[in-house]
Amino acid sequence: MTAINITNLHVDYDDGSPNYRGEPVLTGANLTVDDGEILAVLGASGSGKSTLLRTIAGLQQPGSGRIEVASVTTDDDGEHLPPHRRNCTMVFQDAQLFPHRTVAGNVAYGLEAAKVPKVQRRRRVAEVLEMVDIAELADRAITELSGGQAQRVALARCLVIRPAVILFDEPLSALDRGLRQRLAVEIRQLLKQTGTSAIYVTHDPAEATTVADRLAVVEHGKIIDLGPVATLDISKLSDSVASLLGGLGEVTGVITAVSDESTTVEVVENIVVLPGRQGGLGDTITVNLSR
Ligand SMILES: Nc1ncnc2c1ncn2[C@@H]1O[C@H](COP(=O)(O)OP(=O)(O)OP(=O)(O)O)[C@@H](O)[C@H]1O
């Protein structure tokens, strides 16, 4: 079974008004995400990453094309299932929590809407708050949370309804780098633990390679599959795609993560991921990224 299947997707915000100056955003995009797989999507600002997620979530109706979520056709040339009937949920950059509810009240919301009995609801909310490591914040007001805590609540609110797919739209971009990396590791663990598939949009290549099994890029209205993170070879990519992953040319940086499959090098503000084990943690390394 595939979690997401997209064929020949076209999305255009043209509302027919004479003032419209834009161009179609997605022009024949194709994408498959396997069951349990995490796909990170990178792309230049305005390339259509949020549009892609919003369209899968049912918040934006495509002009044409076909979308399947968890093997159910949600869009097919005119056919359009509303968001609440899709087996997926979305986590946004600003957590978008209900300010008048407590943490537990926010997490319980989806179960209330699904008319899950109260006793079961309490148990599931407690379980998921434990899972995302904020059990002690259950009765806390939303206005009293840090940015990182708010995103844990947003994630709990999604996980509690056990969707087949979670769509992440730059969920950590408002947080500092250290916290971002730590939460990225935790998000991956939670998705794998629960068997949830995900599409994860980010600007940060380090976050993308930490969270995801596979990478893709949105460019010129299409989705380019870059393949598994473990075998990513930046020297084989086009300049525009390589620059999203840290740029080209000879650079020197420090190794910040290493495994048998890949080596992550921090180069000033950029992150470069190389195939295979290229040294030890903390080593300084010079990499020639030109072809
Ligand atoms: N509601 C809308 N109405 C009209 N145009 C829109 C709307 N939402 C997005 N766009 C346009 O569609 C294009 C793609 O936007 P989108 O937000 O999907 O890009 P993105 O890759 O997520 O960008 P960023 O990385 O800056 O968040 C942009 O040119 C944007 O101006």
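The name given to the protein chain in an unreviewed UniProt entry is ABC-type quaternary amine transporter, and the organism recorded there is Enteractinococcus helveticum.

Caption draft 1: Quick peek at the site of the ligand. Inspection of the region around the ligand gives Tyr13, Val25, Ala44, Ser45, Gly46, Ser47, Gly48, Lys49, Ser50, Thr51, Glu170 and His203 as its neighbouring residues. Here Gly46 contributes a backbone N or O atom positioned 2.8 Å from an oxygen atom of the ligand. Between the ligand and the protein, one listed contact pairs an oxygen atom with a backbone N or O atom of Ser47 at 3.2 Å. When the free accessible area of the ligand is taken as 640 Å², the share hidden by the protein chains comes to 55%. Grouping the constituent residues of the shell around the ligand by class yields 3 nonpolar, 7 polar and 2 charged.

Caption draft 2: Examining the packing of aromatic side chains more closely. By the definition in use, this model includes 2 aromatic pairs. Ring centres of Phe98 and Tyr109 lie 4.7 Å apart, and the angle between their planes is 50°; this geometry places the pair in the tilted category. Taken together, the residues Phe98 in the loop between β7 (88–91) and α2 (103–113) and Tyr109 in helix α2 connect sequence positions 11 residues apart. Residue class for Phe98 comes out partly exposed when judged on its relative accessible area of 25%. Here the aromatic rings of Phe168 and Tyr200 are separated by 5.2 Å at their centres, their planes lie at 35°, and the arrangement is tilted. Taken together, the positions of Phe168 in strand β8 (residues 165–169) and Tyr200 in strand β9 (residues 197–201) put the pair 32 residues apart, joining distant regions of the chain. Of the residues examined, Tyr200 reaches a relative accessible area of 0% and is grouped as buried.

About the criteria used
- Residues numbered from 1 in each chain as written.
- Predicted model: local features only at pLDDT ≥ 70, side-chain atom pairs only at ≥ 80, totals over all residues.
- Heavy atoms only, no water.
- Near = heavy atom within 4 Å.
- Polar contact = N/O pair within 3.5 Å; in protein donor to acceptor, adjacent residues only side chain to side chain.
- Areas by Shrake-Rupley, 256 points an atom, 1.4 Å probe, with all protein chains shown as cover.
- Nonpolar A, V, L, I, M, F, W, Y, C, P; charged D, E, K, R; others polar.
- Phe/Tyr/Trp six-rings, centres within 6.5 Å; stacked < 30°, edge-to-face > 60°.
- Helix = DSSP H or I, 4+ residues; strand = E, 2+ residues; numbered from the N terminus.
- Buried < 20%, exposed > 50% of the residue type's maximum accessible area, 1.4 Å probe, protein only.

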